[in-house]
Structure formats: C-alpha cells, structure tokens
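# Secondary and tertiary structure notes
Chain residues, written in single-letter form:
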2 protein chains.
Amino acid sequence: LTEQKAKLFRREYLDLHVHEQAQIFSDLDQTLRGRVYRYLSANEVGDMFDAIEEEPEDVVKYFKEMPVQYAAKVIDEMYTDNAVDILAYAQNKDLTHYLLALPEERSAEIRELLHYEDKTAGALMTTEYVDIFADQDISSAIQDIRAEAADAELIYYAYVVSDDNELIGVVTLRDLLTNPEETRITDIMTDSVISVPVDEDQAEVAQKVRDYNFVALPVIDYANKLVGIINVDDVIDVIDEENAGEYSGLAGVDTQETPENPLQASLKRLPWLIILLIMGMSTTTLIDHYEALISQASILAVFVSLITGTAGNAGTQSLAVAIRGLSNSEEDRRSGIKTILSELATGLFAGLVTGLAILLLVGIWKHNFILGFVIGISMATAITVATVAGSIIPLVMDKIGVDPAVASGPFISTLSDLTSVLIYFNIANQFLNFFLNT
Amino acid sequence: LTEQKAKLFRREYLDLHVHEQAQIFSDLDQTLRGRVYRYLSANEVGDMFDAIEEEPEDVVKYFKEMPVQYAAKVIDEMYTDNAVDILAYAQNKDLTHYLLALPEERSAEIRELLHYEDKTAGALMTTEYVDIFADQDISSAIQDIRAEAADAELIYYAYVVSDDNELIGVVTLRDLLTNPEETRITDIMTDSVISVPVDEDQAEVAQKVRDYNFVALPVIDYANKLVGIINVDDVIDVIDEENAGEYSGLAGVDTQETPENPLQASLKRLPWLIILLIMGMSTTTLIDHYEALISQASILAVFVSLITGTAGNAGTQSLAVAIRGLSNSEEDRRSGIKTILSELATGLFAGLVTGLAILLLVGIWKHNFILGFVIGISMATAITVATVAGSIIPLVMDKIGVDPAVASGPFISTLSDLTSVLIYFNIANQFLNFFLNT
C-alpha cells in the first residue's frame, strides 16, 4: 500500500477475511486510508466496515474523510444495525448529506432505527431478515430466501408473517431442507414464536438468547408486527458489555480503558479514587472522634483495620452475589424481603464463626480474652451489618432506577468501614476499664 | 401430571419449547419424573435434556433413575457434546452400562470426547457437523446436507474436507443457495478456514467467535483433520463462565452460588473470609508492632484506615484492568514489562494527585500541614505500590499457571494494607516529634 501498488494490494487485501481487513485498516494513517478509498470500491469496503471493532464515535470520522457519495455507498452496503450505530455519532449536517445520498428506502430504514433508545432491542436489531408467508410452499419459500440471501444478515431462520406483517411463525432452513418441496409453510412452521418487544432492555434480550440457544431473535412492535431481528453476534457484544459493567463497578474503574498513556489512565481512575477518599474521610473523622479513647487504650487502634477489612470483604461478597442475582431475568429472581432475610441469616452465621475465630486468636495472642471478646463481638456485628447492607443497597438502587453496578464495590467497603468503626468503638467503650494504657 | 392423565400431559408438554419443558422438568420430584419417563419416549425427552440448565453433576442423577436402556436411548438422542458433559460425572460402572447399550459408533464417539481436557476446544465441541467434498456440485452437496440435517446440531456451515478428512474449506448455506446448482464446491468455498486446534483454551475459542462473528467454529487435530465443531450457544456459556470467574475472584466469593439456605451460603463464603482474616492478622501484627508509637501519638491511628483503604482501592482498580487485559487474546496483549512501567507511571500520577488532595484536606482540618505532609506522602507512596502490585501479581500468577482471577480482589486489598501500614508508620516515625501526645 505504501508503494502505491494498487493491483497487488487489491488482490492480497480482498483475499483476507473481513475481520483481518478491518484490523489492518484500523492501523493505517489518514494518507493510507485515503488510498484504500481510491483503490477499493464502496462495495468492497462495506463489509470491512461491518467488521471493524473500533468505537462507533471513531469510525464516524472515517466517513468524514470520504467523498459524501462514497460514504453513502459504504453505508448502503453495511448492515443497517451497524450503520445506525455509527451514524448515531455523526454530526447533523453530515447525517443529512448521507441520508440524502442514500436510496429512499434505505434512508427511511436508517432514520427509523436512529429513533430507538440505546440499550434496547430496537437499537440492537437489524432490518435485514427473511420473511415468508404461511400459504407458500417450501420451494417458493426457498426461492424467496435465495433472492434475499445476498442482503440478509442471517438466513438461517425465515420468519412467517401475515399479510399485515404480523409475526405468526418461524421455520428454520433445516425445516425447509428436510421436508418435501411441496409442503406448505403453515404445516411445518412453529407457531409459538419466541420474540422480544422493540423496547425490551438489552440484558433481557441476551438472557432470552441464552435460554433458548437461538442464533437470532425476532423483534416485534406493540401490534405484534415484525420489525427486525437481533443476531447472536450482537448479543455477545451485549453480554460482554453488561459483564464489563458489573466487573468495572466492583473495582471502581472502567476496565474497558484502552490506556494510550499512563496519564490518561490515571485521569480515568482518579475521579473514583478521590470520591472514595472523600467518603473515607467520614470514617477518619469518626475515628478522630475516638482519639481520646485511643490515646488511653492504644491497643484498640491495632484492630481497627482488621475489623473494617473483614467486614468489607463480607459486604463485597454479599454485594457480588446480589448484583449477579439482579442480572438474572425477572422470573428467576427471589423477592427482595426474602433475599434480605436470607442474607441476614448468612451474615449472622458467618459473623458468629469469624467472631469466634478472632476471639480465640486474639485471646491467645494477647493473653486477654476480654479484648478477644470485644474484637469478636464487634467483628460479628460488623460482618452481619455489612452482609445485609451488601444485599440491600443494590436492591434499593435497582428499585430507584440507578444501575447498581456503578462503583458499588468500593462504595460498600467505605460504607462498611464507617459502620464497623462505629460498632467497634462503641462496644469497646463499654469495656474501657480493661484496656486503659498502664 | 399429578392426576396421571398421560394423554393430556403428552399433548401439552410436547407443545412447549424444549427450554420450557426443561424448566418444568427441573421442578419435578422423583415420583413425577418417573411418570415423565413412563409417558414419554426416550426420543421425546432427549431434546429436553439438551436444553436442561442444571449442572451436569445433577443431571447425571436423572440418568440413574431411568432403566439403563432408556437412559442409553436418551443419550443417543442428545447432542454428543451435551451428553459427554453429563457423562463425565457418571460413575464408572454406570458409564460402562450406558456405553454398552449404545450403538457402537455413538459409543466410540462419546468415549473419544470424554478424553479431552476440561475447558479446551475438544471438551466444547460436538461431532454432529456437516461435511462435504470439494469436487461435489451444489445440488449434490445440498442432498448431503438434507440427509445429515436431522442429526446435525447446526447446518449453516458445511465444512469441506479432503479424502482423508483434512479441513480444506467452508461454504455457508447462503453460498449454496445463491449460486447455480451445477457450480462445483471448490469454486465457491472459502479456502482459508478459521479453525481452532482441539487443545485450544476455551477463552481463546470465545475470542475467535467474537472476532469473526461466526455461528460455529471448526475444530481440527494436529494433522489439520476436522474432528468437530463448536457452536455459538456453547461459546456464550463459556463467556458467562469466564466472566463469572473474574467477577467472583474480585469479590472473593462464588457468585454462582444458588443459596438453598443461608447456612450453605455462609459455609461457601466463610473459607475466603477466614483466609483473609488470617492474612489480615499480619497487618494487625504489624500495627501492633507500632503500638508504642500510637500510644505516644494517637493522631496517627486516625489515618491508618484512610491510607489502607485508598491504596486498596487503587490496587483493586489496577488489578481489574490487568485481569481484563489478560483475558484479551494473546496477540492483543501488551508486554509484561511495558504494562508494569505504564502502571508505575499511572500509580505515581494518581498517587501524587491524591496525596496532594489529602495534604490540603488534613492540613486545613487539623491546622497541621506537617501531619498533612506525612499523610500525603504516605498515601502517594502506598497508592503507587498498590497500583504496581495490582498489575504485577496477576501477571506473575498467569505466568506460573495459576488462574489470576481467584479471590484476587480481597487478596490485593490485604496485601496493600500490609505495605501501606509499613510505609505509613515508617514515614511517620521520621516526623515523630511533631505528633507526640501533649
């Protein structure tokens, strides 16, 4: 490409899988990209753009580099769902240019998909599906599929619709191939079609694909009309996204970070560090409140971090279980009250065992079982409180519509620090006479 | 079913999607399951067993309830990969019975799949694929696919093999339908087939399916011979499993827990709580070492948990980023040294900013900028160390072959507590004269 050998480049590049084409393209600079646009037709780069793995807001910049007509042709060539993801980031002026340059029908399709809310079935779906009618026979259905095959993103399922486009059944290519050619579709179609409404949350879509092991899922509007399909590869992206969200939340960091340089990486991590630092200051202020107590009985200070740390671990465990529980589909969930009561019992039991263990450890180590008792009872209480809080907080956040996964891990640790310190010093205060510095 | 109405049950049950059948079946008790086996033929329950979502070690118990011949028929009816997952948990004696009752060919297939190591391509794959030859024409290939369609798990790709079963190409059903019937396969097949070796790690398999958006991936042995295919639904299970592993590791708990009762839940969480408690004791012992210092300057004790907590958060952030990084495929990874240097710079910068913030906060709050300076410099150092440790530890664990995700979150917090305390009291010791209790 650098040597401007157009022919050789064309031969080698077009021989590659689109995924590899896309990887090479992503590594090019603007001059070289310009040559790609010159050497290859819009048709030829269209599939590559479907496979590109950069963020849509970055891909849209490539469109700006192309002549408008060329860009419109690339968009026309792409699958609608992918094109729409990218065009959502185009400037209004550019978007208008592209839409005007597109064939009327495509432009209408794209305009419609641009309306759907992010993270819903509508935003995930594509309109390139295969539909057939119930009164066709297999050979005519296969003719139809042949005709649509070049454009359709997936031809493994053919959706059966009524005259006004209502979804009434589905047949697989397997059904079509294993039955005699003259069979009518209505006789072989599955009429209880599993589908999702267009405004369904993407996490629920992913769960349905998991449950039913489908390769694609039809999307219907409020009137049961077929409006699109969601393919399994887009569902995998959703699963990755949802999982990364939960995982990032537990760590208080965006783990999707692509750290071009350490400065940017630290700028991404600092907001949470500082927020948690300020929240942590509340615990510090609380300990400060007990400074007089500590100066009289410095042994108490020795165990603060053990109690806060262990309670924090228990809280994180219960939080992680709760968040995974929330990601289950509605029907599989247990009721909120039941979850909390069960976590209370779990916390009590775990607290008692851990408390007893530390009572013995400290008692033997310091030859002071009263100190051991104070630490043990504080730890048992702190663990119970943290465990219950770890299950209540995500439930409440979910109820009020906040994503419970956001930085929930460090948040729960900080909160449990605060309650643990409060519990510990209050209990210790009752037994003060035993610890006074001598 | 409770009323023993066999006919009515058959009609209603067989009308359901297998996923729903499986959900109902999982809720039945042993008596009712016995009736299901009586009312339905092995053929009819086979598909349901493919869709069952319980753990394989639980499903194998159902086989024990059935007459051996019936169980063998169910196994015969299931997809080989699913059957093998379950049979891996059968007792040797039962396994022998089943294998003897199966047709010779099936029994050989299953025996072979049972050999592959867990979490490799071999363990994920199934042997029900469609293979054709390069010198066939499309119409004869479609005939072959028709013949195999009923048994094959997925007929969307037809894999082209040489006479000695070497994988030389692939065609999609789309290719077959959109080209003239007399076209020879060799003219339309893609000859650079993306495949995975049979001993490939399952995480790499998932990454390939993600990258190439395939619905299935062929599996080859060392001699490039086609031995099976992996379907996208099994890959989704792998993605869920890998993600759950990372997530559970960060929280130090098995988030897959299905807590029948709180006692069992707490028994699952206690091992990590106790291990971390004992590790935490090392920090406590270290603080105890400085008790004399604390009794002289109790203000120092006030800030211990703020410093350990913030450093712990920074360590967890860097850990989470590192573990996500490791889950990327080999080619996308940055080198170890580069990662560590970059994390060092990130940690230094984040530490400096956070340290400066706390210097000001403490300085103003306590009207003591020397105290602020000690806290600030301690925190900056502790954050830097925790950030670097958070990236080194998973790298080292990965190198020596330990899964870096196991309880890594609480582990790094505990470790960073220890180093933070050490750093803090050593620095404070240098400035002791300023803090002596008056």
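Residues numbered from 1 in each chain as written. Chains lettered and ligands numbered in written order. Predicted model: local features only at pLDDT ≥ 70, side-chain atom pairs only at ≥ 80, totals over all residues. Heavy atoms only, no water.

### Remarks on the overall build of chain A
Scanning chain A from terminus to terminus reveals 22 helices and 6 strands. Since a compact globule built from 438 residues should have a radius of gyration of about 22 Å, the 30 Å found for chain A marks it as more spread out than a globular shape. Overall size of chain A, expressed as C-alpha extent along the three principal axes, is 95 × 60 × 35 Å. Counting the 438 residues in chain A, one finds 54% classified as buried. Here the contacts in chain A between residues at least 6 apart in sequence split such that 70% fall between residues at least 24 apart. Within the structure as shown, chain A displays about 19,100 Å² of accessible surface, and the carbon and sulfur contribution to it stands at 54%. A gap of 6 Å separates the mean positions of the 28 positive and 67 negative side-chain charges of chain A. (Helix = DSSP H or I, 4+ residues; strand = E, 2+ residues; numbered from the N terminus. Rg over C-alpha atoms; globule rule 2.2 N^0.38 Å. Buried < 20%, exposed > 50% of the residue type's maximum accessible area, 1.4 Å probe, protein only. Contact = heavy atoms within 4.5 Å. Areas by Shrake-Rupley, 256 points an atom, 1.4 Å probe, with all protein chains shown as cover. Lys, Arg positive; Asp, Glu negative; His and termini not counted. Charge placed at Lys NZ, Arg CZ, Asp CG, Glu CD.)

### Quick look at the relation of the copies chain B and chain A
Each of the two copies of the chain can be brought onto the other by a rotation about an axis and a shift along it. Superposing chain B onto chain A takes a rotation of 180° combined with a translation of 0.1 Å along the rotation axis, leaving an RMSD of 0.2 Å. Such a combination of turn and shift is consistent with a two-fold rotation axis. (Least-squares fit on C-alpha atoms with pLDDT ≥ 70 in both.)

### Section: the pattern of salt bridges
If you walk through the whole model with that rule in mind, you get 22 salt bridges over all chains. Asp76(A) is the salt-bridge partner of Arg106(A), the closest N and O atoms lying 2.9 Å from each other. With Arg106(A) in helix α9 (residues 104-113) and Asp76(A) in helix α6 (residues 68-77), the pair connects residues that are 30 residues apart, well separated along the chain. A relative accessible area of 12% means that Arg106(A) is categorised as buried. Of the charged contacts, one joins Arg269(A) and Glu343(B) as a salt bridge, the two residues approaching to 2.8 Å between their closest N and O atoms. Of this pair, Arg269(A) sits in helix α16 (residues 262-289) while Glu343(B) sits in helix α20 (residues 336-366), on two different chains. Side by side, Arg269(A) and Glu343(B) carry an identical accessibility label, which is buried. Residues joined by salt bridges that share partners form a network here, namely Asp76(A), Arg106(A), Glu109(A) and Glu128(A). (Salt bridge = Lys/Arg side-chain N within 4 Å of Asp/Glu carboxyl O.)

### Some remarks on the pairing of strand β3 (residues 167-172) of chain B
Residues and elements named next belong to chain B. When you tally the buried positions in β3, you get 5 out of 6 residues, the bulk of the element. As defined by bridge partners, strand β2 (residues 157-161) adjoins β3 across 5 bridges and the pair is classed as antiparallel. Residue pairing in the sheet places Ala 158 in a bridge with Val 171 of β3. In textbook terms, the turn of a hairpin is the stretch between consecutive antiparallel strands, and for β2 and β3 this stretch comprises 5 residues, one of which, Asn 165, has a positive phi near 70°. (Pairing = 2+ DSSP bridges.)

### Brief notes about the pairing of strand β5 (residues 216-220) of chain A
Residues and elements named next belong to chain A. By the criterion of burial, β5 is predominantly enclosed, with 5 of the 5 residues buried. Side chains of β5 alternate between two faces, with Ala 216, Pro 218 and Ile 220 and Leu 217 and Val 219 buried alike. The pairing of strand β4 (residues 196-197) with β5 spans 2 bridges and is parallel. Note on β5: the bridge partner recorded for Val 196 is Val 219. Sheet topology places β5 next to strand β6 (residues 226-231); 5 bridges connect them, and they run antiparallel. Each bridged residue has a counterpart across the sheet, and for Val 219 the counterpart in β6 is Gly 228.

### Examining the domain arrangement of chain A
Quoted interface sizes are often the accessible area lost when the parts come together. On domain assignment, one finds that chain A holds domain 1 (6-115), domain 2 (131-231) and domain 3 (262-434). Here domain 2 of chain A and domain 3 of chain A have C-alpha centroids that lie 51 Å from each other. (Domains from an automatic or database assignment.)

### Regarding the packing of aromatic side chains
The final tally for this structure, using the stated rule, is 35 aromatic pairs over all chains. Here the aromatic rings of Tyr424(B) and Phe425(B) are separated by 5.1 Å at their centres, their planes lie at 45°, and the arrangement is tilted. Under the relative-accessibility criterion, Tyr424(B) is labelled buried at 1%. Taken together, the aromatic side chains of Tyr156(A), Tyr157(A), Tyr159(A), Tyr212(A), Phe214(A), Tyr156(B), Tyr157(B), Tyr159(B), Tyr212(B) and Phe214(B) make up a single cluster linked through ring pairs. For Lys366(A), the ring lying beneath its charged end belongs to Trp365(A), and the centroid distance is 4.5 Å. (Phe/Tyr/Trp six-rings, centres within 6.5 Å; stacked < 30°, edge-to-face > 60°. Lys NZ or Arg CZ within 6 Å of the ring centre and 35° of its normal.)

### A short note on the side chain of Thr183(A)
Residues and elements named next belong to chain A. Relative to the assigned elements, Thr 183 resides in the loop between α12 (173-178) and α13 (185-188). Within the structure, Thr 183 has its side chain in polar contact with the backbone oxygen of Pro 180 (distance 2.6 Å). Leave out the neighbours within four places in its chain, and Thr 183 touches Gln 136, Asp 137, Ile 138 and Ile 188. (Polar contact = N/O pair within 3.5 Å; in protein donor to acceptor, adjacent residues only side chain to side chain.)

### A few points about a nonpolar patch on the surface
Taken together, the side chains of Leu263(A), Leu267(A), Phe349(B) and Val353(B) make up a nonpolar region of the molecular surface, amounting to roughly 310 Å² of accessible area. Counting residues per element, the ones that place at least two in the nonpolar patch are α16 of chain A together with α20 of chain B. In this structure, Leu267(A) sits in helix α16. (Patch = residues over 30% accessible without salt bridge, like charges linked within 9 Å, V, L, I, M, F, W, Y side chains within 5 Å.)

### Let's talk about the sheet that holds β4(A)
Within the open sheet, the 3 strands sit side by side as β4-β5-β6 (chain A). Their pairing is mixed. Since the sheet does not close on itself, it has two edges, and those belong to β4 and β6 of chain A, each with one partner.

### Considerations on the packing of helix α15 (residues 232-251) of chain A against helix α15 (residues 232-251) of chain B
Closest axis-to-axis distance for the α15(A)/α15(B) pair is 10 Å, and the angle between their directions is 5°. The angle between the axes of α15(A) and α15(B) places the two elements in the roughly parallel class. Together, Val232(A), Ile236(A), Ile239(A), Asp240(A), Asn243(A), Glu246(A), Tyr247(A), Leu250(A) and Ala251(A) of α15(A) and Val232(B), Ile236(B), Ile239(B), Asp240(B), Asn243(B), Glu246(B), Tyr247(B), Leu250(B) and Ala251(B) of α15(B) make up the contact between the two elements. Broken down by class, the residue content of the contact of α15(A) with α15(B) amounts to 12 nonpolar, 2 polar and 4 charged. (Axes fitted to C-alpha atoms, helices over the stretch in contact; angles between N-to-C directions. Parallel < 35°, antiparallel > 145°, perpendicular 65-115°, else oblique. Nonpolar A, V, L, I, M, F, W, Y, C, P; charged D, E, K, R; others polar.)

### A word on the interface of chain B and chain A
Each side of the interface is counted separately: chain B has 103 residues, and chain A has 104 residues. Together, Leu177(B), Tyr247(B) and Gln317(B) form the three largest contributors to the area buried by chain B at its contact with chain A, with a combined 9%. Between the two partners, chain B and chain A, sit 6 salt bridges. Of the charged contacts, one joins Lys366(A) and Asp288(B) as a salt bridge, the two residues approaching to 2.7 Å between their closest N and O atoms. (Buried area = accessible area lost by both parts, 1.4 Å probe.)

### Section: the sheet that holds β3(B)
Residues and elements named next belong to chain B. With respect to topology, 3 strands assemble into an open sheet ordered β1-β2-β3, the strand pairing being mixed. What marks the edges here is a single partner per strand, and that holds for β1 (131-133) and β3. Geometrically, the sheet is characterised by an average inter-axis angle of 35° between neighbouring strands, direction not taken into account. Judged from the 3 bridges that link them, β1 and β2 form a sheet pairing that is parallel. Along β2, the bridge assignment pairs Phe 133 with Val 161.

### Section: the environment of Gly336(A)
Structurally, the position occupied by Gly336(A) is in helix α20 (residues 336-366). Measuring from C-alpha to C-alpha, the distance between Gly336(A) and Val60(A) comes to 44 Å, with 276 residues separating the pair along the chain.

### Quick word on the environment of Thr384(A)
All names here are of chain A. Inspection of the secondary structure assignment puts Thr 384 in helix α21 (residues 369-399). Linking Thr 384 and Glu 241, residues 143 residues apart in sequence, is a C-alpha distance of 32 Å. Not counting the four nearest positions on each side in its chain, Thr 384 is found in contact with Leu 344, Gly 347 and Leu 348.

### Structural notes on the nonpolar core
Side chains of nonpolar character tend, in soluble globular proteins, to be buried together. Of all hydrophobic cores here, the largest spans 181 residues; its most connected members are Phe25(A), Phe49(A), Phe63(A), Phe25(B), Phe49(B) and Phe63(B). The contact partners of Phe63(A), leaving out residues within four places of it in the chain, are Phe49(A), Ala71(A), Val74(A), Ile75(A), Met78(A), Ile86(A), Leu87(A) and Tyr98(A). (Core = buried A, V, L, I, M, F, W, Y, C linked by side-chain atoms within 4.5 Å.)

### A closer look at helix α11 (residues 138-149) of chain A
For α11(A), spanning 12 residues, the distance from its first C-alpha to its last is 16 Å, which sits close to the expected 16 Å at 1.5 Å a residue. Here α11(A) has its buried residues at Ile138(A), Ala141(A), Ile142(A), Ile145(A) and Ala149(A). With its buried residues spanning 100° around the axis, α11(A) presents them on a single face. Where α11(A) is buried, its residues touch β1 (131-133), β2 (157-161), α12 and α13 of chain A together with α12 (173-178) of chain B. (Expected span 1.5 Å × (residues − 1). Arc of directions from axis to C-beta.)

### Quick word on unusual backbone geometry
Not every positive phi belongs to a glycine, and Lys119(A) is a case in point at roughly 65°. The residue Lys119(A) is located in the loop between α9 and α10 (121-124) in this model. A relative accessible area of 39% means that Lys119(A) is categorised as partly exposed. The phi dihedral of Asn213(B) falls on the positive side, at around 55°, and the residue is not glycine. Its place among the elements puts Asn213(B) in the loop between α14 (202-212) and β5 (216-220).

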